Every structure is written in C-alpha cells, then in structure tokens.
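Residue-level listing of the chains:
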Amino acid sequence: MLTRRSFQTLAAAAGAAIVVAPALRAQARLEKPRLSIAVGGKAAFYYLPLTIAEQLGYFKEEGLTVEIADFAGGARALQAVVGGSADVCSGAFEHTINLQSKNQFFQSFVLQGRAPQIAVGVSTRNLPAYQSVADLRGRKIGVSAPGSSTNMVANLVLSRGGLKASDVSYVGVGVAAGALTALRSGQIDAISNTDPVMTMLEQKGDVKIISDTRTLKGTQEVFGGPMPAACLYAPAEFVQKNPHTCQALAHAIVHALKWLQTAGPGDIIKAVPEAFLLGDRALYLASFDKVRESISPDGLVPADGPRTALGAIASFDTQVKAERIDLDKLYTNEFARRAKDRFKA
C-alpha cells in the first residue's frame, strides 16, 4: 500500500521522467551526443546566442552534452577545430572563405549574427590629434587575436585608407578586461574589437570610433551589403556525417535567437555569467542595446551575405582569389530553416 510520502516520491520521479524523456529520445538519434565547440571570446556579445543556448539549457534539451572551449580570438578557436581538439567552431563566417582558399572546406550551418558587431577606435590618449587612417602608420592596433575577424575588419579599414597590414603592428588583447587595460594603459594606439568592450571605451572617452559595424546601417556603409558574422561552422565532412547532431545544434541556437528577440535587460543580466559584465552592469546593458539588431532573428545566412564577405576579404587579401571560391559550399541554410519552422523564429 502506498503511503502519502511514497506517492509523492513516485509522482516527482514521473515528472522528472517526462522532462528527461524528450532529451533521451533526441540523444538516441544523435550521431555525436557529446561534442566540443571552440569559441574565440565567449564573453563578447558577438557570441551571445551561444552563451544563451548553454546557460538556458537549450543544448541539453536537444540531447546534447556540449563542452565550450574559450580562446582569445576566432583564429585560435579555428585552430582547435582544424587540429581536431574541438568538433565545431563558433566563429566568424569569413573564416570559411579563408579556409576554402587553402582547399580546406568548412561549412556554416546556423548563423548567430547578421552584422560583425566590430568597431575600430583610436586612442584619444595616444593619438589625440588623429585625422585619418594614415596616422596609424607604424602604430600598434589591438585585436582579439591575430587572424581573427577583428583583425579582418582592421585590415579592411587600413586598406581603404591606403595602408597595408604590414604598415602597423597587431597585438592580441582578447575581448574582455585585458582589452580595456591594453588601450587605457597606452600599450596600443588603436583597437578593433567587439562589445561590450568598445561601448565601454567609447562612453568613457577613451577612444574615437572611426569605423562601426555594430548596427545594420553601419555594416551596410562599411561592407556595402549584408555581412554574415558569428555562426556555427565545421568541416564539411563533419556536417555530412552528423546531420542529426548539426540539426540539434541549430535548434538550440535558433531557440536562443528567438529568446533574445524579446528578452529584457533583466533577463540578459540573469542569463549571462557575472564576469561577462566587466564590473559595470549599466554599460553592459547599454552595449547590448547598441548591438541588439545585429543578432540574427532566425539563424539564416542572407542570400547576398557570402558574396559581400568574399568581396571584403578579396579587397585586401591577395591570397584569396574571388573567382576560385564556391559560395554555395560555404554554408547551408537547411538546418536553420527546419529550426525556424520549429520555433517560428
């Protein structure tokens, strides 16, 4: 005969089973239920959808056990995937172009950002009389890591101002407190970085912004079209061999994107780790307001986006031959479309 206590225990267990069952069913069909994602600067808003998917348990809902390895910049995160220590990269779309130019085929399968969210600023301390890009010749420019998307945007700004990458020195400063310190202490003369770092430097008067892709309008002005930014990408072979796993990842990210469309300031503060706030909640939220529209609403790569990205890179990188790049092999919207239909994103 069941006692009241034993009935409550059984009821609780049944409730837990109802919650766990969908995840177990999802896990049963996954080719790789345990995997690692390498990311270059997890604290940046650039990768906020990844953080939300992790913090709110969306990966687990899809039956995935995901380990996120955080690196100083996208180039280092990519190295982890190329080297085999990580399965998937949460990084900038343009890396798929650079890789294909070297006959390495990687594919983006869900978009996180529809604008790079990168701003370039000049130190008001080291270069108070700054007039033009030419003033950066011989100077030190801080980027998240050499070879990262912040480096790419800086190269683009330099080339349009008549300078080459070899005319300056690049210094890896990360995307968090180290970047703030490097600029404010005078170790670097300019910085190309993401938010919240750039808004914090801008609002304190530490930098003069000379190029800004934190908004769709700014991105259009800099790149001349839609510019796909943060995404999940992996070797094309991985995507082909693990379609259910990639679909589960896309579901989790698109779920996070949908949540971000309506999340308020309080929701964001509760969801992200305290360390991401860099000691200033108000400025963190001001940064979020500035980049909010750059977050993809549905995970889909825009049709003209890959061509825009290719044009930007080919304009300053002579090793990338535009005519040799197969744009269709850079990405697939197959997984994001299914996720969009599921979550009505």
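These figures come from a predicted structure and were not determined experimentally.

Caption draft 1: View of the sheet that holds strand β3 (residues 88-92). Ordered in space as β2-β1-β3-β10-β4, the five strands form an open sheet in which the pairing is mixed. The open sheet is flanked by β2 (65-71) and β4 (106-111), the only strands paired with a single partner. Averaged over all pairs of adjacent strands, the angle between strand axes in this sheet comes to 30 degrees, irrespective of strand direction. By the bridge criterion, seven bridges tie strand β1 (residues 34-40) to β2 in an arrangement that is parallel. The residue bridging Ile37 from the neighbouring strand is Ile68, located in β2.

Caption draft 2: The arrangement of the nonpolar core in detail. In terms of nonpolar packing, the biggest core is built from 56 residues, with Leu48, Phe59, Val88, Phe109, Leu249 and Tyr284 touching the most fellow members. Of the residues forming this core, the biggest block, 10 residues, is contributed by helix α11 (residues 243-262). Beyond its immediate stretch of four places on either side in the chain, Phe109 contacts Val88, Leu232, Tyr233, Ala234, Val239, Cys246, Leu249, Ala250, Thr332, Phe335 and Ala336. Counting residues in each nonpolar core, the second largest holds 44 residues, with Leu156, Met227, Cys231 and Val301 among its members.

Caption draft 3: Examining the packing of helix α2 (residues 48-55) against α11 more closely. Contact pair α2 / α11: the axes reach a minimum separation of 8 Å and the direction vectors enclose 100 degrees. In terms of their interaxial angle, α2 and α11 are classed as roughly perpendicular. Residues Leu48, Pro49, Leu50, Ile52 and Ala53 of α2 touch α11, and the partners they reach there are Ala252, Ile253, Ala256, Leu257, Trp259 and Leu260. Split into classes, the residues belonging to the contact of α2 with α11 amount to 11 nonpolar, no polar and no charged.

Caption draft 4: Region of interest: the packing of aromatic side chains. If you walk through the whole model with that rule in mind, you get six aromatic pairs. Arranged with centres 6.1 Å apart and planes meeting at 80 degrees, the rings of Phe109 and Phe335 form a pair that is edge-to-face. On the criterion of sequence distance, the pair formed by Phe109 in strand β4 and Phe335 in helix α15 (residues 334-343) is long-range, its members being 226 residues apart. The residues Phe109 and Phe335 share a single accessibility class, namely buried. Among the aromatic residues, those joined into a cluster by ring pairs are Phe45, Tyr284 and Phe288.

Caption draft 5: Broad picture of the environment of Gln104. Here Gln104 is to be found in the loop between α5 (94-100) and β4. Ignoring any residue separated from it by four or fewer positions in sequence, one finds Gln104 in contact with Val82 and Leu99.

Caption draft 6: Expanded view of the pairing of β3. Counting buried residues along β3, five of its five residues qualify, which places the element largely inside the surrounding structure. The sheet contact formed by β1 and β3 spans three bridges and is parallel. Counted as the bridge partner of Ile37 is Val88 from β3. Of the strand pairs in this sheet, β3 and strand β10 (residues 230-235) are connected by four bridges, and their pairing is antiparallel. Opposite Cys89, over in β10, you have Tyr233 as the bridge partner.

Cut-offs used in this document
Residues numbered from 1 in each chain as written. Predicted model: local features only at pLDDT ≥ 70, side-chain atom pairs only at ≥ 80, totals over all residues. Heavy atoms only, no water. Pairing = 2+ DSSP bridges. Helix = DSSP H or I, 4+ residues; strand = E, 2+ residues; numbered from the N terminus. Axes fitted to C-alpha atoms, helices over the stretch in contact; angles between N-to-C directions. Core = buried A, V, L, I, M, F, W, Y, C linked by side-chain atoms within 4.5 Å. Buried < 20%, exposed > 50% of the residue type's maximum accessible area, 1.4 Å probe, protein only. Contact = heavy atoms within 4.5 Å. Parallel < 35°, antiparallel > 145°, perpendicular 65-115°, else oblique. Nonpolar A, V, L, I, M, F, W, Y, C, P; charged D, E, K, R; others polar. Phe/Tyr/Trp six-rings, centres within 6.5 Å; stacked < 30°, edge-to-face > 60°.

Keep in mind these values describe shape, not function.
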